[in-house]
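# What the coordinates show
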Amino acid sequence: MSDSVKSLLSTLSMRGPHRVLRGNLGIAGQPGVVYTPESGLNLPAVAFAHSWLTSAENYKGLLEHIASWGFVVAAPDTERGPIPSHLDLATDLLTTLDIVSKVRLGDGTISVHPDRLALAGHGMGAGAAVIAAAQRPVATVAALFPAPTSPTAEHIAPDLDVPALILTGDDVDSLNSNARPLATAWSGPCLLRRLDGATPNGIIEGRRLFAALGAGRYEYKTDKATRALLTGYLLTTLLGEKKYKPFADPEATIPHTTVIDPHAEVEVETPKLSVGTIAKLIKG
């Protein structure tokens with residue numbers, strides 16, 4: 001592990017050099033928010049989809065953080081109920097991407113480059129991003145702690161040859177995560193990186209009621225690390241900044257993360273038996 005990677009990780013976990021502006025996508029007919037640098041032409045853009053029972057507001061810090069590094073970041077604020085349509089959320093992602101890439105933003109001093117577009121999401125939103133990526137060309141896809149969707153993202157992944165970052169936590173092989181099968185099925189270059197010690201809902205901001213009910217608490221360390229890993233990856237893939245190449249390199253060692261080979265055989269742990277259970281088995 002080089003000191004340079006440690007230093008980059010620390011730098012990327014902090015806000016970038018740009019002052020951030022916030023806008024309302026509803027003006028263009030799509031409920032949602034958009035964050036942009038104060039000015040800039042031909043900027044890269046990211047359309048981000050929220051997870052189940054959350055909203056764009058629950059990712060305010062994450063979205064602002066990415067924007068502070070020179071990206072236009074927009075998030076639709078739809079399909080927030082208990083029975084969401086993943087297909088509709090994917091459609092809203094595409095509408096969002098169309099708005100920011102075809103309309104001058106701010107006071108006309110902000111524009112997006114048509115070839116520097118990414119789709120991203122968290123939980124079910126990660127699956128929506130994959131569904132959307134099958135419907136229009138983008139430069140890359142980022143799936144944060146992906147969860148199963150309908151249609152299933154891993155059935156769409158074989159048709160996608162763009163680079164992808166799949167970030168997962170310690171639940172990588174649980175029923176609530178499809179990170180491994182998604183990475184296994186992905187046709188293009190795919191980086192499956194586990195954030196050690198992270199839980200899938202750790203990046204959701206301000207959801208105190210659900211945390212009290214045991215639905216997952218906000219984790220400062222998980223959120224901070226996710227911001228750095230995602231920002232470094234986007235700087236590399238959308239802007240080609242070689243300085244941040246380790247964040248898109250499966251051979252790079254990054255603190256508190258583990259690169260997972262999705263094609264490797266999964267070891268199944270043998271359950272440990274207590275002394276009392278063993279005694280009962282012996283007695284018959």
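A short tour of the structure in this document, coming up. (Residues numbered from 1 in each chain as written. Predicted model: local features only at pLDDT ≥ 70, side-chain atom pairs only at ≥ 80, totals over all residues. Heavy atoms only, no water.)

## Topic: the overall build of the protein chain
- Scanning the protein chain from terminus to terminus reveals nine helices and nine strands.
- Scored against the burial criterion, the 284 residues of the protein chain give a buried share of 52%.
- Pairs at least 24 apart in sequence give 70% of the contacts found in the protein chain among residues at least 6 apart.
- For the protein chain, the accessible surface area stands at approximately 13500 Å², while carbon and sulfur atoms represent 55% of it. (Helix = DSSP H or I, 4+ residues; strand = E, 2+ residues; numbered from the N terminus. Buried < 20%, exposed > 50% of the residue type's maximum accessible area, 1.4 Å probe, protein only. Contact = heavy atoms within 4.5 Å. Areas by Shrake-Rupley, 256 points an atom, 1.4 Å probe, with all protein chains shown as cover.)

## Side note on the sheet that holds strand 4 (residues 72-76)
- What the nine strands build is an open sheet, ordered 1-2-4-3-5-6-7-8-9; its pairing is mixed. Only two strands of the sheet have a single neighbouring strand rather than two, namely strand 1 (20-24) and strand 9 (257-259). The sheet shows a mean angle of 20° between the axes of neighbouring strands, taken without regard to direction.
- Alignment of strand 7 (residues 164-168) against strand 8 (residues 190-195), held across five bridges, turns out to be parallel. The residue bridging Leu167 from the neighbouring strand is Arg193, located in strand 8.
- Taken strand by strand, helix 8 (residues 220-239) contacts strand 3 (40-49), strand 5 (110-122), strand 6 (140-144), strand 7, strand 8 and strand 9, and its axis lies near 170° from that of strand 6. (Pairing = 2+ DSSP bridges. Axes fitted to C-alpha atoms, helices over the stretch in contact; angles between N-to-C directions.)

## Overview of the pattern of salt bridges
- For the structure shown, the criterion picks out 11 salt bridges.
- Among the ionic pairs, Glu64 bridges to Lys60, the shortest N-O distance being 3.2 Å. In this pair, Glu64 and Lys60 both sit in helix 2 (residues 60-68), four residues apart, roughly one turn of the helix.
- The class for Glu64 is buried, based on a relative accessible area of 17%.
- Sharing partners across several salt bridges, the network here consists of Arg15, Lys60 and Glu64. (Salt bridge = Lys/Arg side-chain N within 4 Å of Asp/Glu carboxyl O.)

## Describing the environment of Gly206
- Structurally, the position occupied by Gly206 is in the loop between strand 8 and helix 7 (208-212).
- Classification of Gly206 as exposed rests on a relative accessible area of 66%.
- Between the alpha carbons of Gly206 and Lys60 there is a distance of 9.7 Å; along the sequence they are 146 residues apart.

## Focus on the pairing of strand 3
- Along strand 3, eight of the 10 residues are buried, which leaves the element largely enclosed by surrounding structure.
- As paired strands, strand 3 and strand 4 are joined by three bridges and run parallel to one another. Bridge pairing in strand 4 places Ala47 opposite Ala74.
- Handedness of the crossover joining strand 3 and strand 4 through helix 2: right-handed. (Right-handed = clockwise from strand over helix to strand, strands pointing away.)

## Focus: the packing of aromatic side chains
- Enumeration according to the criterion identifies two aromatic pairs in this entry.
- Centre to centre, the rings of Trp69 and Tyr244 are 6.5 Å apart; their planes meet at 80°, and the pair counts as edge-to-face. Of this pair, Trp69 sits in the loop between helix 2 and strand 4 while Tyr244 sits in the loop between helix 8 and strand 9, and the two are 175 residues apart along the sequence. (Phe/Tyr/Trp six-rings, centres within 6.5 Å; stacked < 30°, edge-to-face > 60°.)

## Things to note about the pairing of strand 4
- Among the five residues of strand 4, five are classified as buried, and the element is accordingly described as predominantly covered.
- Where strand 2 (residues 32-37) and strand 4 come together, four bridges link them in antiparallel fashion. Each bridged residue has a counterpart across the sheet, and for Val34 the counterpart in strand 4 is Ala74.

## What to know about the packing of helix 2 against helix 8
- Two elements in contact, helix 2 and helix 8, have axes separated by 10 Å at closest approach and are oriented at 35°. Every pair of crossing elements has a handedness; the one defined by helix 2 and helix 8 is right-handed. For the pair helix 2 and helix 8, contact is made by Gly61, Leu62, His65 and Ile66 and by Arg227, Leu230, Thr231 and Leu234, respectively.
- Counted by class, the contact of helix 2 with helix 8 contains four nonpolar, three polar and one charged residues. (Left-handed = near helix turned anticlockwise from the far one by under 90°. Nonpolar A, V, L, I, M, F, W, Y, C, P; charged D, E, K, R; others polar.)

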